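# Chains, contacts and geometry: an overview
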Amino acid sequence: GEDVEQSLFLSVREGDSSVINCTYTDSSSTYLYWYKQEPGAGLQLLTYIFSNMDMKQDQRLTVLLNKKDKHLSLRIADTQTGDSAIYFCAETGGYNKLIFGAGTRLAVHP
Amino acid sequence: DAGITQSPRYKITETGRQVTLMCHQTWSHSYMFWYRQDLGHGLRLIYYSAAADITDKGEVSDGYVVSRSKTENFPLTLESATRSQTSVYFCATRGEGGTYEQYFGPGTRLTVT
């Protein structure tokens, strides 16, 4: 079945790197996505990776994809307080829909 | 450029009442979606629409009705609200490129008492 799993909470110190992990189940997913949700707001697309790629870098964000293990990760370098939010992993789920994980709450402390 | 707007942003209603949540987009994207967000569940798809007058059910469609007479609007109606429908509701559109990413509205927080 379709299921995307994420750890629920991550706490990091300001300036450190954050790594948010996700596992997915549909090996036929074409794209995988990371979204960010700040308090009281909708989801904002951060980045996505095509399924035939291993890595994608975009400024402070690095996405790693291990298709064999169906594992996706998001690394945020030099984490700042403004990065505190909930991060959602999602995969394409057929018929143009996205399947979301439950979200990882990232807390950044001084 | 407003993108996606949702109204109302907050709504309190009573059990058994009908309530309609509005979604409007300015991009003329073909696909539109309704999700609900509940603690521990992430986002779950309620309904989606591929174009005007074409709609289909998602995984949690019971108790909800949608319509799409115009490309830019995709209202979601709770026919007889129940407490289990207390949630945050998000509308989204899908970009016209081939990467299937979705763009989300700000959400409507609905409380059913």
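I will try to describe carefully the structure that is included in this document. Quantities reported herein were computed from a predicted structural model and do not represent experimental measurements.

What counts and how
- Residues numbered from 1 in each chain as written.
- Chains lettered and ligands numbered in written order.
- Predicted model: local features only at pLDDT ≥ 70, side-chain atom pairs only at ≥ 80, totals over all residues.
- Heavy atoms only, no water.
- Salt bridge = Lys/Arg side-chain N within 4 Å of Asp/Glu carboxyl O.
- Buried < 20%, exposed > 50% of the residue type's maximum accessible area, 1.4 Å probe, protein only.
- Pairing = 2+ DSSP bridges.
- Helix = DSSP H or I, 4+ residues; strand = E, 2+ residues; numbered from the N terminus.
- Contact = heavy atoms within 4.5 Å.
- Disulfide = S-S within 2.5 Å.

## Quick look at the pattern of salt bridges
Taken as a whole, this structure holds six salt bridges over all chains when the rule is applied. Linking A:Glu38 and A:Lys36 is a salt bridge whose minimum nitrogen-to-oxygen distance equals 3.2 Å. The exposure class of A:Glu38 is partly exposed, given its relative accessible area of 36%. Given a relative accessible area of 10%, A:Lys36 falls into the buried group. The salt bridge involving B:Asp38 is made with B:Arg36; its shortest N-O contact spans 2.8 Å.

## As for the sheet that holds strand β3 (residues 18–23) of chain A
Residues and elements named next belong to chain A. Pairing within the open sheet is antiparallel, and its five strands lie in the order β1-β3-β8-β7-β6. In this open sheet, the two edge strands, each paired with only one partner strand, are β1 (5–6) and β6 (55–58). With four bridges connecting them, β6 and strand β7 (residues 61–66) associate as antiparallel partners. In the sheet register, Lys56 faces β7, and the bridge partner there is Val63.

## With respect to the pairing of strand β5 (residues 43–50) of chain A
Alignment of strand β4 (residues 31–37) of chain A against β5(A), held across seven bridges, turns out to be antiparallel. Bridging across to β5(A), A:Lys36 finds its partner in A:Gln44.

## Here's the deal with the environment of B:Ile46
Residues and elements named next belong to chain B. Position of Ile46 among the secondary structure elements: in strand β5 (residues 42–51). A residue is classified by how much of its surface remains accessible, and Ile46, at 0% relative accessible area, is buried. When the C-alpha positions of Ile46 and Val65 are compared, they lie 9.3 Å apart, and in sequence the two are 19 residues distant. With residues up to four places along the chain from it excluded, the contact list for Ile46 reads Trp34, Tyr35, Arg36, Lys57, Gly58, Val60, Ser61, Tyr64, Leu76 and Tyr89.

## Looking at the environment of B:Trp34
Residue and element names in this part refer to chain B. Counting through the fold element by element, Trp34 comes out in strand β4 (residues 32–38). Residue Trp34 is classed as buried on the basis of its relative accessible area of 0%. Considering only alpha carbons, one finds Trp34 and Lys57, 23 residues apart in sequence, at a separation of 9.9 Å.

## What about the side chain of A:Thr47?
Note that A:Thr47 resides in strand β5. Non-local contacts of A:Thr47, meaning those with residues more than four positions away in its chain, are made with A:Leu32, A:Tyr33, A:Trp34, A:Lys56, A:Val63 and A:Leu74.

## A closer look at the state of the cysteines
With the rule as written, the count across this model stands at two disulfides over all chains. Residue pairing for A:Cys22: its cysteine sulfur links by disulfide to A:Cys89, the two sulfurs lying 2.0 Å apart. Torsion about the S-S bond of the A:Cys22 and A:Cys89 cystine: about -60 degrees, corresponding to left-handed handedness. Of this pair, A:Cys22 sits in strand β3 while A:Cys89 sits in strand β9 (residues 85–92), and the two are 67 residues apart along the sequence. Residues A:Cys22 and A:Cys89 agree in their burial class; the two are buried. One disulfide bridge connects B:Cys23 with B:Cys91, the sulfur atoms lying 1.8 Å from each other. On the sign convention where negative means left-handed, the S-S torsion of about -70 degrees between B:Cys23 and B:Cys91 marks this disulfide as left-handed. Of this pair, B:Cys23 sits in strand β3 (residues 19–25) while B:Cys91 is found in strand β9 (residues 87–94), placing the two residues 68 residues apart along the sequence.

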